[in-house]
Amino acid sequence: MEHVLLSGPEDEECLHFGAPVDRRTLRGLVDGQAAQLAAAGLAAGGKVALRLPPSLGFVTTLLAGWRLGAQVVLLDHRLTDHEIGLAVERLRPQVLVGSRHRPSAALRGWAEVEPVAEPVAGGRPAGTGHALVQLSSGSTGPSKVIARTAGDLIRELGCYASLAGFPRAGGRVVLLSSVVHVLGLVGGLLNSLHARAPLCVPERMTAAGILSAVAADERPTTVIGVPFHAELLAAASAPPRLPQLRRMIVAGELVRPGLPAAFTARYGVPLGTMYGMTELGVIATDLSGALHPQARPVPGVELREEGGELHIRMAASPYPGLLDPGRWSDGWLHTRDAGLLDAGTGLVTVLGRRDSQVSIGGLKVDLTEVEQTLAALPEVREAVVVFAGGAVEAFLAADEAADADAIRDGVTRLLASYKRPRRISFLAALPRTATGKLLRDPAALHAAVATPAAP
C-alpha cells in the first residue's frame, strides 16, 4: 500500500498539519517510524494496533506498518483504557502504538504526538492477509471487527478516481472526518495521497477554524466531513467569500431535509452526499447534490433490494473470526439499511436503519421517517427519535425563540396519531458521539434534557 500512496515528485506538498509536509519529508518520517516498529518486534505478517489521534504521527505510523508488511489495527484514541484493553485482548496485536502526550484539547482538529511503540505480551501474527482492521462503533463483538485487504483499498481508491468532482491533482482537501473511520481514512487521507491532492486538517473544528483552513490556500478546495459539520457551516453567520471552495461532501448518516439547500444558499456550492460502509467503503454518491435523496452506485458495486433491505455483493466476508450469518451469507453483505432501488435508473435511496422500525399496537412505525419529518419543521434544527419504554420519544434542537406549541401543532398535522411521539423534549443542542454522529441512547438523551425545556 505504502508505495501506491507515496509516488509523486519529492518536493510536492501532500499533507498539512499546521505546516506543509512534502513527499520527501513524509518518506523520511515513515522510515523513522518503520525502524521504531521493527525495534519493537514488528515484521512482515505481524500485527500492530494504533491508538493515536489525528496527527502526522498517525499517518507516518500507519504507512510504516504497511511498509513492513504488517496488518494495521486502528483504535479510536477516544476509547477508554478499559475499551482499549478489551480490543487488545480480542485482537492480540504484537505491538501497540500510543502517544507520550496527553489527549488533545476539545475541538482540536489534529495533535502533535510522539508515537511510542510497545510490544504486547501474548500478541500474535496477523493470521490473515488483510492490511487493515477497523472496529465498527468501537465494539469487538460478532461482525464488528472488519478487515480489508490492500486490494480492497486500492479498488476503493479506483472508485474515487472515477468520480467526477472528487478531489484530484490540482485541488486540495480540508478533512473534518476522523482518520480512524472509513470516510476520513480512505476517502480523505488515502485518496489525497494517491490522487496527489494535498490534505489539510484544521487546527480547530469550529466553524471559524474550518473556514480559515479553506481560505488559507487558493487552490480548488473540497471539504469532507459528516452532516454535523455541514450543519455547523450552514449556520455560520457572515462567512467570508471563498472562491476556492468547490463543494462539501458528507457521509455517515442521513442528511436532514433542507440542509443541502441551506448550505448551497450560504456558500454557493453543492453539498454532495455519499453512502458507504466500513466493510467496503464508498457505495453510492451524489457529489453534485442534484440527485438527493438518491445516489448513484459507484462502478463495480452490485446492489439488490431484499425485503426492503439493501444487500451488496461481496465475494468474501469482511468479518474475520466471529460472524453473524445475518450480516454476510452466500456472497452478499446484508447492510441492515432500508433502501429503494430504482430499476429504471439504477439509483439508490437510503431510508435509514432497518432496526429503526418498531411495532406499536400492531402498527409499524419507522423512527427514521418520524425523525426526518420532525427535522423538516421550520423551527427545528435537528431531531432524534427513539423507542423507549414501549413508546416513541423525540428530542429536538430548536432556537430559544422557537414556539413549542407551533412545533407540536406541526407534528399533529404531519404525522398519523400512532406515529406521534408520546413525549417531545427540547434542547439547545443535541448530544453527539465522539465521531460527530447524533447520540441515540435513550438514557443518555434523557440525562441531557434541559430543565426547564429550552423553548
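Residues numbered from 1 in each chain as written. Predicted model: local features only at pLDDT ≥ 70, side-chain atom pairs only at ≥ 80, totals over all residues. Heavy atoms only, no water.

Draft legend 1. Region of the structure containing the packing of helix α5 (residues 150-161) against helix α6 (residues 182-195). Packing of α5 against α6 leaves a shortest axis separation of 10 Å and a crossing angle of 75 degrees. Put simply, α5 runs roughly perpendicular to α6. Counted together, Leu153, Glu156, Leu157 and Tyr160 of α5 and Val182, Val186, Gly187, Leu190, Asn191 and His194 of α6 form the full contact between these two elements. Here the contact of α5 with α6 is composed, by residue class, of six nonpolar, three polar and one charged. (Axes fitted to C-alpha atoms, helices over the stretch in contact; angles between N-to-C directions. Helix = DSSP H or I, 4+ residues; strand = E, 2+ residues; numbered from the N terminus. Parallel < 35°, antiparallel > 145°, perpendicular 65-115°, else oblique. Contact = heavy atoms within 4.5 Å. Nonpolar A, V, L, I, M, F, W, Y, C, P; charged D, E, K, R; others polar.)

Draft legend 2. Summary view of the layout of surface pockets. Here the second largest pocket is characterised by a volume of approximately 420 Å³. Lining of the second largest pocket is provided by 22 residues; of these, Glu231, Ala235, Arg256, Arg381 and Glu382 occupy positions nearest its centre. Breaking the lining of the second largest pocket down by element, the ones donating at least two residues are α8 (227-234) and β23 (380-388). Counting residues per element, the lining of the second largest pocket draws most heavily on α8, at four residues. Looking at the lining of the second largest pocket residue by residue, the class counts come to 15 nonpolar, no polar and seven charged. (1 Å grid on protein atoms, 1.4 Å probe; cavity = no way out; pocket = protein on both sides within 12 Å on 5 of 7 lines; lining within 4 Å. Points joined across faces, edges and corners; volume = space filled by probe spheres on them.)

Draft legend 3. A look at the sheet that holds strand β6 (residues 115-119). Judged by pairing direction, the sheet is mixed, and its six strands sit side by side in the order β6-β5-β3-β4-β7-β8 without closing on themselves. Strands at the two margins of the open sheet, each flanked by one partner only, are β6 and β8 (145-148). Along the sheet, successive strands turn relative to each other by an average axial angle of 25 degrees, direction set aside. Pairing analysis gives four bridges linking strand β3 (residues 47-50) to strand β4 (residues 71-74), with the strands arranged parallel. The residue bridging alanine 49 from the neighbouring strand is valine 73, located in β4. (Pairing = 2+ DSSP bridges.)

Draft legend 4. Molecular detail of the sheet that holds strand β24 (residues 391-398). Read across the open sheet, the three strands follow the order β23-β24-β25; overall the sheet is mixed. Edge positions in the sheet fall to β23 and β25 (423-427), since each of these pairs with one other strand and no more. Going from strand to strand, the sheet's axes swing by 20 degrees on average, the running direction of each strand aside. Where β23 and β24 come together, eight bridges link them in antiparallel fashion. By the bridge assignment, valine 386 is partnered in β24 with glutamate 393.

Draft legend 5. Broad picture of the pattern of salt bridges. Evaluated as defined, the whole model comprises 22 salt bridges. Close ionic contact of glutamate 12 with arginine 23 constitutes a salt bridge, the shortest N to O distance being 3.0 Å. Of this pair, glutamate 12 sits in the loop between α1 (2-5) and β1 (13-16) while arginine 23 sits in helix α2 (residues 23-39), and the two are 11 residues apart along the sequence. Exposure remark for glutamate 12: the relative accessible area of 19% places this residue in the buried category. The shortest N-O distance in the salt bridge between arginine 304 and glutamate 306 comes to 3.9 Å. What emerges from the salt-bridge pattern is a single network uniting Glu10, Arg24 and Arg27. (Salt bridge = Lys/Arg side-chain N within 4 Å of Asp/Glu carboxyl O. Buried < 20%, exposed > 50% of the residue type's maximum accessible area, 1.4 Å probe, protein only.)

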